[in-house]
2 protein chains.
Amino acid sequence: MIDIKIEKVEVTLGVDIGGTNTVIGLVDRQGQVVVEKSIPTQAHEPSSRFFTRFHETITSLLVSIDEKYQLLGVGIGAPNANYYRGTIEYPPNLSWGGVTPVVEIVRKMLNLPVVMTNDANAAAMGELVFGAARGMKHVVVITLGTGLGSGIIVDGKLLYGADGFAGELGHVIVDPHGRTCGCGRHGCLETYASATGICRTVLEKVASTSQQSVLRKINAADITSKKICEAALEGDTLALDAFEETGKILGMKLADTVAHLSPEAIILFGGLAQAGDLIFKPTHRSLEENLLGIFKNKVKLIPSGLPEGNSAVLGASALIWDELDKKKRT
Amino acid sequence: MIDIKIEKVEVTLGVDIGGTNTVIGLVDRQGQVVVEKSIPTQAHEPSSRFFTRFHETITSLLVSIDEKYQLLGVGIGAPNANYYRGTIEYPPNLSWGGVTPVVEIVRKMLNLPVVMTNDANAAAMGELVFGAARGMKHVVVITLGTGLGSGIIVDGKLLYGADGFAGELGHVIVDPHGRTCGCGRHGCLETYASATGICRTVLEKVASTSQQSVLRKINAADITSKKICEAALEGDTLALDAFEETGKILGMKLADTVAHLSPEAIILFGGLAQAGDLIFKPTHRSLEENLLGIFKNKVKLIPSGLPEGNSAVLGASALIWDELDKKKRT
């Protein structure tokens, strides 16, 4: 009788807790997603019911893959997540109440190492481990979604700062008398440079100019960054101007970010970044115009290197792969 | 016969290369300056003559202390210094030409470990090792001198970024259409928040208001931040307003810095910081007003903890003590 020992493939679990859905995937060290499942988050329910459903899903997932794979740990990306404390704190889009000790709950559930960070930090870690930032040491990842999130890599590690909240670039101030922001202040970068921000820019232009535009035929409530992108690709000058202005403001503030951090690259990630040249060109032009001499023509402005559909799960998984790699080294 | 073995006191050499003078001091691990000497830099001469004088001074210094002290290494703070390369590059205030390999020259001279960084980074390291930042992990040090320099500590280490130039906070942009800056751009923070900046603010107020002020009796060329401070302490409203405005702008931009780095403390250092409450109060008020909610009432704004006269030498010495400590640990 020949004893054939098959070595199991090591995988981690990447979890992206969103306001609508929670996506769970098993990812190997090369960034291949072995299997992925999505469950509704049911944001209006208390967290206990979410974790019951989460447990059932994971259990069935693990049963189905038991033979070939070995699960090493869990990485979680979530809004309002605190890396240091392993908690989700006062999430505006989840009815979970004050502070939920997510890492502790999941660790007890699976008896495995668990780490959690906010979604923008997870995106940055995804780029570092599997995406466009591989091999880099100093990188800034900007997520241009409904808001503007950021993850900062310094010396190959996520920057958390004194309290775990470093990298809130959505809330650097463009104009202290500018647009009202969800944070209660005025003129934050995300009120200009985000999917929502560019919609506000279009609405301002509709009000303040007499430029013809297909966007004038859409209700204010129905304007989306996707529709602005489509209009711009058709040559709509109002839409093109809105991209130009968004890039101008984003590039100017990113020049300040470079003066702080001197990164090798800035990665634009998320919905609005998918507008490609429409957003990259004016942002890059404005960045270079506003950079201090010693930084000019040095900082790359590049798109995400993660496959679109899996980026959230890959980012969360990258977080735990990075921790496991670090433990191996020490 | 009794053999008495006296253990030597370990010291490092701190060197601060300035446009006018170069200060050299021996500093022990507790931050005591054992001896300090100053030589004229003679900025108009080529570097070779400087290093000849430097060598003579060091040699006589070492002969004088030979019995009791053991020199372990050299730390250098200098304008336009590149930490990664160990070079001073295109210094505007020294006739040294392009690139001078200072670390290599001094290492060959003394056969000891040598490190060099720019003066603001050295100040930050001085605060971390001997001053107000002892025991902290995430700190920003702002030097308010002729210009505005900064040194950023992340995870207990100086942040250099991809090319060694991280932490150029003097050149974040307050207003892209604002004051001309020595860097060739407009509206950089140091054109407002520095000894020179506050003088410009006073001159603007002299021109644009009819406020009475003792500062109206001084030639524009003779106005200094010290005279503005003296006037403010006498209750001169124009001078007080100038401090108020300087603090307002500095605090606003420091709020952006906190959104990037989430430091535990920001230390104000240098000439203008010695105006005390006159500059700290409006800066702190503006910082808190402009901070994102999660950062409010968390970040300390504190003065330097280094003795005024020795701060440059202590900073340079701290740089090499830090490297030697790191080597010991590994």
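Residues numbered from 1 in each chain as written. Chains lettered and ligands numbered in written order. Predicted model: local features only at pLDDT ≥ 70, side-chain atom pairs only at ≥ 80, totals over all residues.

## Some remarks on the overall build of chain A
Rule in force here: Here a helix means four or more residues in a row that DSSP labels H or I, a strand means two or more in a row labelled E, and each is numbered from the N terminus. As a reference, a globule follows 2.2 Å times the number of residues to the power 0.38, and the radius of gyration itself is taken over C-alpha atoms. For the exposure call, what matters is how many other C-beta atoms sit within 10 Å of a residue's own: 20 or more marks it buried, 12 or fewer exposed, and in between partly exposed, using C-beta atoms placed from the backbone. Each residue is represented by a C-beta atom placed from its backbone, and any two residues with such atoms within 7 Å are regarded as in contact.
A count of helices and strands for chain A gives eight helices and 13 strands. Taking 20 Å as the expected radius of gyration for a compact globule of 330 residues, we find that chain A reaches 21 Å, a close match to that expectation. Across its three principal directions, the C-alpha atoms of chain A cover 80 × 45 × 40 Å. Considering chain A as a whole, with its 330 residues, one finds that 50% of them fall into the buried category. Across chain A, the fraction of contacts at a sequence separation of at least 24, relative to all contacts at a separation of at least 6, is 64%.

## Concerning the sheet that holds strand β5 (residues 81-82) of chain A
Residue and element names in this part refer to chain A. Here is the rule we go by: For two strands to be treated as a pair, DSSP must find no fewer than two bridges joining them.
One open sheet accounts for three strands, arranged β5-β6-β7; its pairing is antiparallel. Each of the sheet's edge strands pairs with one partner strand only, and the pair in question is β5 and β7 (99-100). Bridge count between strand β6 (residues 87-89) and β7: two bridges; the pairing is antiparallel. Bridged to Ile88 within β7 is Thr100.

## Quick notes on the sheet that holds strand β13 (residues 300-303) of chain B
All names here are of chain B. This is how it is decided: To get an axis, a line is fitted to the C-alpha atoms, and for a helix only the part in contact is used. The angle between two axes follows their N-to-C directions and goes from 0 to 180 degrees.
Spatially, β11-β10-β9-β12-β13 is the arrangement adopted by the five strands of the open sheet, whose pairing is mixed. Two strands lie at the open edges of the sheet, namely β11 (157-158) and β13, each paired on one side alone. Bridge analysis of strand β9 (residues 139-144) against strand β12 (residues 265-269) gives five bridges, and the strand direction is parallel. Residue pairing in the sheet places Val140 in a bridge with Ile266 of β12. Its contacts with the sheet put helix α3 (residues 119-130) on β9, β10 (148-154), β11 and β12, and the angle it makes with β10 is roughly 50 degrees.

## What about unusual backbone geometry?
Residues and elements named next belong to chain B. Backbone geometry places Asn111, a non-glycine residue, at a positive phi of 55 degrees. Following the sequence through the fold, Asn111 ends up in the loop between α2 (102-110) and β8 (114-117). You can call Asn111 exposed: it has 7 C-beta atoms within 10 Å. Within the chain, Asp155 stands out as a residue other than glycine whose phi angle is a positive 55 degrees. Mapped onto the elements of the fold, Asp155 is located in the loop between β10 and β11. Judged by C-beta crowding, with 13 C-beta atoms within 10 Å, Asp155 ranks as partly exposed.

## Remarks on the domain arrangement of chain A
All names here are of chain A. Worth spelling out the cut-off: Annotation comment: domain bounds sourced from an automatic or database domain assignment. In the scheme used here, Gly and all other residues not listed as nonpolar or charged are polar, with Ala, Val, Leu, Ile, Met, Phe, Trp, Tyr, Cys and Pro taken as nonpolar and Asp, Glu, Lys and Arg as charged.
Taken domain by domain, chain A comprises domain 1 (9-125 + 309-329) and domain 2 (135-304). For domain 1 and domain 2, the distance between their C-alpha centroids amounts to 28 Å. At the interface, 12 residues of domain 1 touch 12 residues of domain 2. When grouped by side-chain class, the residues that make up the side of domain 1 that touches domain 2 number six nonpolar, four polar and two charged.

## Some words on the packing of helix α6 (residues 237-261) of chain A against helix α6 (residues 237-261) of chain B
Basically, it comes down to this: Any angle from 65 to 115 degrees is called roughly perpendicular, while one under 35 is roughly parallel, one over 145 is roughly antiparallel, and all others are oblique. Handedness of a crossing is defined here by the sense of rotation of the near helix relative to the far one, left-handed for an anticlockwise turn of less than a right angle and right-handed for a clockwise turn.
For the pair α6 of chain A and α6 of chain B, the least separation of the axes is 11 Å and the interaxial angle reads 70 degrees. Considering their axes alone, α6 of chain A and α6 of chain B lie roughly perpendicular with respect to each other. As for how α6 of chain A packs across α6 of chain B, the hand of that crossing is right-handed. Contact residues: α6 of chain A offers Asp256, Thr257, His260 and Leu261 of chain A, while α6 of chain B offers Asp256, Thr257, His260 and Leu261 of chain B. Per-class residue counts for the contact of α6 of chain A with α6 of chain B are two nonpolar, four polar and two charged.

## Regarding the interface of chain A and chain B
Opposite the 34 residues of chain A that make contact, chain B presents 34 residues. When residues in the side of chain A that touches chain B are grouped by element, the largest group, seven residues, is from α6 of chain A.

## Quick notes on the pairing of strand β8 (residues 114-117) of chain A
All names here are of chain A. Residues Val114 and Met116 line one face of β8 and the alternating positions Val115 and Thr117 line the opposite face, and both faces are buried. Pairing between strand β4 (residues 69-77) and β8: four bridges, direction parallel. If you follow Gly77 over to β8, its bridge partner there is Thr117.

## Considering the pairing of β4 of chain A
Examined bridge by bridge, strand β1 (residues 9-17) of chain A and β4 of chain A share seven bridges and lie parallel to one another. When the bridges of β4 of chain A are listed, Val11 of chain A appears paired with Leu71 of chain A.

## Details of the nonpolar core
For clarity, the cut-off: Any nonpolar core is a set of buried residues, restricted to Ala, Val, Leu, Ile, Met, Phe, Trp, Tyr and Cys, that join up through C-beta atoms within 7 Å.
By size, the foremost hydrophobic cluster in this structure holds 200 residues, and its most contacted members are Ile142 and Ile228 of chain A together with Ile76, Ile142 and Ile228 of chain B. Those residues in contact with Ile228 of chain A that lie beyond four places of it in its chain are Ile198, Cys199, Val202, Leu215, Ile223, Ala239 and Ala242 of chain A.

## A word on the packing of helix α5 (residues 225-233) of chain A against α6 of chain A
Residues and elements named next belong to chain A. As a packed pair, α5 and α6 sit with axes 7 Å apart at the nearest point and diverge in direction by 115 degrees. Every pair of crossing elements has a handedness; the one defined by α5 and α6 is left-handed. On α6, the residues touching Ile228, Ala231 and Ala232 of α5 are Ala239, Leu240, Ala242 and Phe243. In terms of residue class, the contact of α5 with α6 is built from seven nonpolar, no polar and no charged.

## As for the relation of the copies chain A and chain B
Operational definition: Each copy is superposed on the other by least squares, with the fit set by C-alpha atoms of residues at a pLDDT of at least 70 in both.
Superposing chain A onto chain B takes a rotation of 180 degrees plus a shift of 0.0 Å along the axis, which leaves an RMSD of 0.0 Å. The transformation just described matches what one would write down for a two-fold rotation axis.

## Here's the deal with helix α2 (residues 102-110) of chain A
Residues and elements named next belong to chain A. For the record, the criterion: Each direction from the helix axis to a C-beta atom contributes to the arc, which is the arc of those directions.
All buried positions along α2 are accounted for by Val102, Val103 and Val106. Projection of α2 onto a plane perpendicular to its axis shows the buried side chains occupying an angular sector of 95 degrees, all on one side. Trailing α2 by a residue or two, Asn111 shows a phi angle of about 55 degrees, which is positive.

## Concerning helix α5 (residues 225-233) of chain B
All names here are of chain B. Residues of α5 that are buried include every one of Ser225, Ile228, Cys229, Ala231 and Ala232, and no others. Buried residues in α5, looked at end-on, bunch into an arc of 165 degrees, giving them a common side. The inward-facing, buried residues of α5 contact α4 (195-208), α6 and α7 (277-290). The first or second residue beyond α5 is Gly235, which carries a positive phi of 95 degrees.

## Observations regarding the environment of Gly271 of chain A
All names here are of chain A. Assignment of secondary structure puts Gly271 in the loop between β12 (265-269) and α7 (277-290). Note on Gly271: 16 C-beta atoms within 10 Å, which makes it partly exposed. C-alpha separation for the pair Gly271 and Gly145, spaced 126 residues apart in sequence, amounts to 5.4 Å. Once residues lying within four places of it in the same chain are set aside, the contact partners of Gly271 are Leu144, Gly145, Ala195 and Ser225.

## Overview of the confidence of the model for chain A
Filter applied, for reference: Within a predicted model, pLDDT stands for the predictor's per-residue confidence, ranging from 0 to 100.
In the predicted model, chain A carries a mean pLDDT of 94, and the fraction of residues at 70 or more is 98%. The ipTM value of the predicted complex is 0.94, and its pTM value is 0.94.

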